Each structure stands twice: as C-alpha cells, then as structure tokens.
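Here's the letter readout for the chains.
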Amino acid sequence: MEASLCVLKPKSGFGLQSHRLLASTTDLRKRGLPFAGCGLAMGKRNDCFGISLSVSMGTRGSIRSLFGSSVKARSVRAQASEGDVENIPPAKVQVKSSGSVLPYVGVACLGAILFGYHLGVVNGSLEYLAKDLGIAENTVLQGWVVSTLLAGATVGSFTGGSLADKFGRTKTFILDAIPLAIGAFLCATAQSVEAMIIGRLLAGIGIGISSAIVPLYISEISPTEIRGTLGSVNQLFICIGILAALVAGLPLAGNPLWWRTMFGIAVIPSVLLALGMAFSPESPRWLYQQGKTSDAEVSVRRLFGKERVAEVMSDLDAASRGSYEPEAGWFDLFSSRYWKIVSVGAALFLFQQLAGINAVVYYSTSVFRSAGITSDVAASALVGAANVFGTTVASSLMDKQGRKSLMLTSFAGMAASMLLLSLSFTWKVLAPYSGTLAVVGTVLYVLSFSLGAGPVPALLLPEIFASRIRAKAVALSLGMHWISNFVIGLYFLSVVTKFGISTVYLGFASVCLLAVMYIAGNVVETKGRSLEEIERALNPAI
C-alpha cells in the first residue's frame, strides 16, 4: 500500500513525533532492551514514517516502562484525502531474484484463456449449433445454451475458494481441468440440446473455479515489485481467449459443422493446464499456513531463487506472528473483523458489471451497424482489439501508477464515454454524426474499462484480503460478478425496450460516477507492498 501501515497511538493521549520515536528506539537498543523487529526503514518491512515496527509480546513491558504508556499499532485506511501519507514510497530494498515465476504464471493463465474462450465461443457458433440441434426457432432454449455457462460459473466461483483452501492452489487447478475438459468434449459431441446444456454447465463450473483461483495463485507467487503487472496479465489472457474464440469462428461460413471443432479446441488447453500444474510449485503462502514450512521454503526457492528465501519466509513469519488462527469459514467473512474489507471486494465487482460492460458488448453490433459497419466480425474485432490494447497498457502501468489511480481514471473515462453514447442517440444537433459518435463512444468505453475497471478488481482483491480468508473472500466477490452478469444478460434487452437505450446508458454513466466516489473513499493503494505487509495493515491480528 502507498499509505502508511501503522500509526502510533498512545493511550495516555500525549503526542509522539517521529524524531522522538527514533531517539527512543535507539535508546532502547543502548539499554539492551528487547525490541524485536524495530529498526530504520532501510531494507525493513512494515515501515511507518521511516520507522519499521513489529512489537512482540515480550517487548510491550519494556516499551511501557520507557514511555509510561501503552503504545499500539493500528492500521489506517488509505483514503484520497490522506495524500501526504499515501505518497510515502515503500522503503524496501528488494534482493535480486535468480528464480522465475513467469512459466508458472503462464500455466495459470491457461485458465484465463479458457475463461475468455468459453465466454466468446458461443457468440459465433450459436446460429449454426441451433440449426444442427433443431432449436433454430426456439429462442428460449438458445438462451439456456448461452446463460447456463454463467449459472455454472456462479457455482464454480463459490466452489473454487473452498477447494483452494482445502487442497491447495495447484491441486485445485488440476481438479478444475476435469469439468473444463469434459464440458468442452460434451459440447463438441452433443447430439441433443440437453447434452449441450450439460456440457455448457460443466464448462461454466470450470471457468468459475478458474476465475477465482487464477488471480489468487498469481498474486501469491508473484514478487512484490511486479505483482501488479503479472496480476493484470490474467485479464489480458481473458481478452486473448475471447479473440481466439472469434478467430476460431472464421471457417463457419464455409463449414457449418465447424462449430463442433470450435468447442472441441478447448479440450487442449484444459489438458495442458492439468499437466502444467502437476509440475508447478504450490503457493508458499498456502503451504506456510498449513504448517508445511520446509515445503514453503522449497517453493520460494523455485519461484524467487535461494537469495529471496530468508526474506520471503521472514515476511510469512511476521504476518502470522501472534495469530495462529484456523482457516476461516464462510460466516467469518461477514464478521465485524472482515466484513468491511470483504464488502469492498464485492462492491468493486458489482460496480464493474453494473457499469454496463456486458451490455455495451452485447449492443455493440447494432451500434456499429448504425454507423455503416455491417460486418459482425469487424465490429467484434474492433471491440476486442480495444480491449486487448487497453489491458496491455494497464499491465505496463499497474506497478507504476498504482491500482487505485487506474480504477479512478477508468471509471471516469467510462462515465464520459457513456454520456457521449447517450447524447449520440438523443441530441438532434448530433444526428449527422450519431453513427460515428456511437462507435467512438463504444471504443472509448471499452478502452477505459480495460485500463482499470476490468483488470484491477481481480488483482486487488487477493492483495487486500487476509491469508486466512483470501480464497473464500475472492470466491464471494467473484460470485457477485457472475450473479450480476447473469441478471444483466437476462434483463438488459427488456429494460432497453421499456426505457430506451439512451436512458439506460445515462444510468450506466451514473453508476460509473458512483464508482469513482466509492473508490476514492474506500479503496487502498497496494502498489509496492508485499501481501504480508498489506495483511498486517488491513487485518491486524486479534
């Protein structure tokens, strides 16, 4: 986090300036008093105004005797108004790593590719599979073929958290490959709509689990200094998966039965995901939490190199010091201790969906046709290209500009784009340019979304959640994503028919502005902080 991780709050009420703290901690050392973890900010962790503090149980009496009062560290929520605090850079010297996490991030991102591919594969193939399965005139069953994936994803997103906590991250990936592969195979070989729906349901469960564990695993194995960049790669590969589904549909015009091959292609990355994860290291944070310290050290050595073992293990030890708590249950997420931070995760995904991204994508073909672009492939390619380009830019900025600033910029840009789209449909003075403005507004909206609102929530949530609730809290937040996605897909056209597309777009613009205000007041900056530092700040042990 960019904010300070602790503030000293004397119970007696007298103020302590930073120079007095420095002098006093130096005096402690001169007297030979135990003051574990206290030192200058050079290479230390948990720094607070240039001083790092980690008070152990055995030192509290010494501190009380010196200052005459109990001093405790408390976490401070970083808000936009606290610019003087948020702008303090983390004073942490990183040891150069000889290990590499990139191959394992690449394996995990096979799950992200499948996520995007299964979302996009039905768009081009629906017309052809409907004819082949005899449901060309039954729009209700076609709707079930599309939406069953989202229903399965909702179930999978909640399941993924529990599986990841019980079996570990890599084993959960291997288990996840089963419904992904079987679902794709059933869809490719379906001779009835029932078999197709079952296949889509299984594939949905698979991508739901992937949506929960891909960002979780990447965040837990990534070095602090590039965690933002690697975390945003998840969204980039989702976009690539969607584009891959679009490209896979190109032969359909000449071969109506090609839709089966389109679904069957997804079996290959599913198998590769299972094989790759069989040789990938487990999350050292999960291993440490299970009491497997030696295994955690082996995992750290493979990921970061032997030079970083002591540093990372020290972080894990500091995060767990004084708090030997069992794995959290689902009801713990709603406790007073965690609900505030868990609600932030749920709210971010709710804003992400209610801001209208799926509605804009669904309606983009009609918008482009009004501008004279009659090719569905060209329209989809333009939206997909804008998405990939924006996500690529976001990846390069994530560890430089920070997560919070990118989300603020993103939602503000989405609000402006939605306003432009709304005006292009209603202002008569803009009528001669309405088609062009609608296309520009759509592309700018997708570009703005991909800069922050798209990639940041999945990256930020594993960072702000404590380790004992991380998997389940991410799953709960993603459940909100899939539920809201399902509802919008179900009712969007009905709402447009009743109120008009211009009014709906104005509503989306309002949601984007609300998101800007919420993020400014409730979301913390996590750039440059280790997961353990963030956990100690936001979730102090009790």
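Remember, it's a predicted structure, so these values are computed and weren't measured experimentally.

A. Layout of the overall build of the chain. Of regular secondary structure, the chain possesses 22 helices and five strands. Considering the chain as a whole, with its 542 residues, one finds that 53% of them fall into the buried category. Of the roughly 22,400 Å² of accessible surface on the chain, a fraction of 66% belongs to carbon and sulfur atoms.

B. View of helix α5 (residues 139-167). For α5, built from 29 residues, the straight-helix expectation of 42 Å at 1.5 Å per residue is met to within 8% by its first-to-last C-alpha distance of 41 Å. Residue Ser147 marks the point of greatest curvature in α5, where the axis turns by about 35°. Two or three places before Val140, at the opening of α5, Asn138 has a side-chain oxygen 3.2 Å from that residue's backbone nitrogen. Backbone geometry just downstream of α5 places Gly168 in the positive-phi region, at approximately 95°.

C. Structural context of the side chain of Ser222. Position of Ser222 among the secondary structure elements: in the loop between α7 (193-221) and α8 (227-248). A distance of 2.5 Å separates a polar atom in the side chain of Ser222 from the backbone oxygen of Ile218.

D. Expanded view of the packing of helix α6 (residues 169-189) against α7. Interaxial distance between α6 and α7 falls to 7 Å at its minimum, and their mutual angle equals 155°. Taken as axis vectors, α6 and α7 run roughly antiparallel relative to one another. You can see that α6 and α7 cross each other, and the crossing is left-handed. Along the lines of polarity and charge, the residues of the contact of α6 with α7 split into 18 nonpolar, six polar and four charged.

E. Expanded view of the nonpolar core. Leu129, Val145, Phe173, Met196 and Phe263 are the most contacted members of the largest nonpolar core, which totals 65 residues. The residues touching Val145, leaving out its near neighbours within four places in the chain, are Val122, Leu126, Leu129, Ile135, Val193, Met196, Ile197 and Arg200. Among the nonpolar cores identified, the runner-up in size contains 59 residues, and Val342, Met398, Ala515 and Val523 belong to it.

F. Molecular detail of the packing of α5 against α7. Relative to each other, α5 and α7 sit at 35°, their axes nearing to 6 Å. As for how α5 packs across α7, the hand of that crossing is right-handed. Of the residues that constitute the contact of α5 with α7, the class distribution is 19 nonpolar, eight polar and one charged.

G. Broad picture of helix α21 (residues 501-522). The end-to-end C-alpha separation of α21 is 31 Å, in line with the 32 Å expected for 22 residues at 1.5 Å each. Looking only at α21, the buried set comprises Ile501, Ser502, Val504, Tyr505, Phe508, Ala509, Val511, Cys512, Ala515 and Ile519.

H. Structural detail: the environment of Ile519. Mapped onto the elements of the fold, Ile519 is located in helix α21. With 172 residues separating them along the chain, Ile519 and Ala347 place their C-alpha atoms 9.5 Å apart. If we skip the residues at most four places from it in the chain, Ile519 touches Leu348, Lys404, Met407, Leu408 and Phe411.

I. Inspection of a nonpolar patch on the surface at higher detail. There is a patch of nonpolar side chains on the surface, built from Ile483, Val487, Leu490, Tyr491, Val495 and Phe499 and spanning about 540 Å² of accessible area. Exposure remark for Leu490: the relative accessible area of 48% places this residue in the partly exposed category.

J. The pattern of salt bridges, seen in detail. Evaluated as defined, the whole model comprises seven salt bridges. Between Arg260 and Asp132 there is a salt bridge, and its shortest N-O distance comes to 3.3 Å. Placement of the pair is Arg260 in helix α9 (residues 258-265) and Asp132 in helix α4 (residues 102-133), with a sequence separation of 128 residues. Overall, Arg260 belongs to the buried group, its relative accessible area being 17%. With a relative accessible area of 35%, Asp132 lands in the partly exposed category. Connected through salt bridges with shared partners, the residues Asp165, Arg169, Glu220, Arg470 and Lys472 form a single ionic network.

K. Spotlight on the environment of Val446. Among the secondary structure elements, Val446 is positioned in helix α18 (residues 434-453). For Val446, a relative accessible area of 2% translates into the label buried. Not counting residues within four places of it along the chain, the set of residues in contact with Val446 comprises Val383, Ala386 and Asn387.

L. Inspection of the side chain of Gln235 at higher detail. Of note, Gln235 is situated in helix α8. Relative accessible area serves as the criterion here: at 12%, Gln235 is assigned to the buried category. Leaving out residues up to four positions away in the same chain, Gln235 has contacts with Thr391, Phe449, Gly454 and Pro455.

What counts and how
- Residues numbered from 1 in each chain as written.
- Predicted model: local features only at pLDDT ≥ 70, side-chain atom pairs only at ≥ 80, totals over all residues.
- Heavy atoms only, no water.
- Helix = DSSP H or I, 4+ residues; strand = E, 2+ residues; numbered from the N terminus.
- Buried < 20%, exposed > 50% of the residue type's maximum accessible area, 1.4 Å probe, protein only.
- Areas by Shrake-Rupley, 256 points an atom, 1.4 Å probe, with all protein chains shown as cover.
- Expected span 1.5 Å × (residues − 1).
- Bend = angle between axes of the 7 residues up to and from the residue.
- Polar contact = N/O pair within 3.5 Å; in protein donor to acceptor, adjacent residues only side chain to side chain.
- Axes fitted to C-alpha atoms, helices over the stretch in contact; angles between N-to-C directions.
- Parallel < 35°, antiparallel > 145°, perpendicular 65-115°, else oblique.
- Left-handed = near helix turned anticlockwise from the far one by under 90°.
- Nonpolar A, V, L, I, M, F, W, Y, C, P; charged D, E, K, R; others polar.
- Core = buried A, V, L, I, M, F, W, Y, C linked by side-chain atoms within 4.5 Å.
- Contact = heavy atoms within 4.5 Å.
- Patch = residues over 30% accessible without salt bridge, like charges linked within 9 Å, V, L, I, M, F, W, Y side chains within 5 Å.
- Salt bridge = Lys/Arg side-chain N within 4 Å of Asp/Glu carboxyl O.

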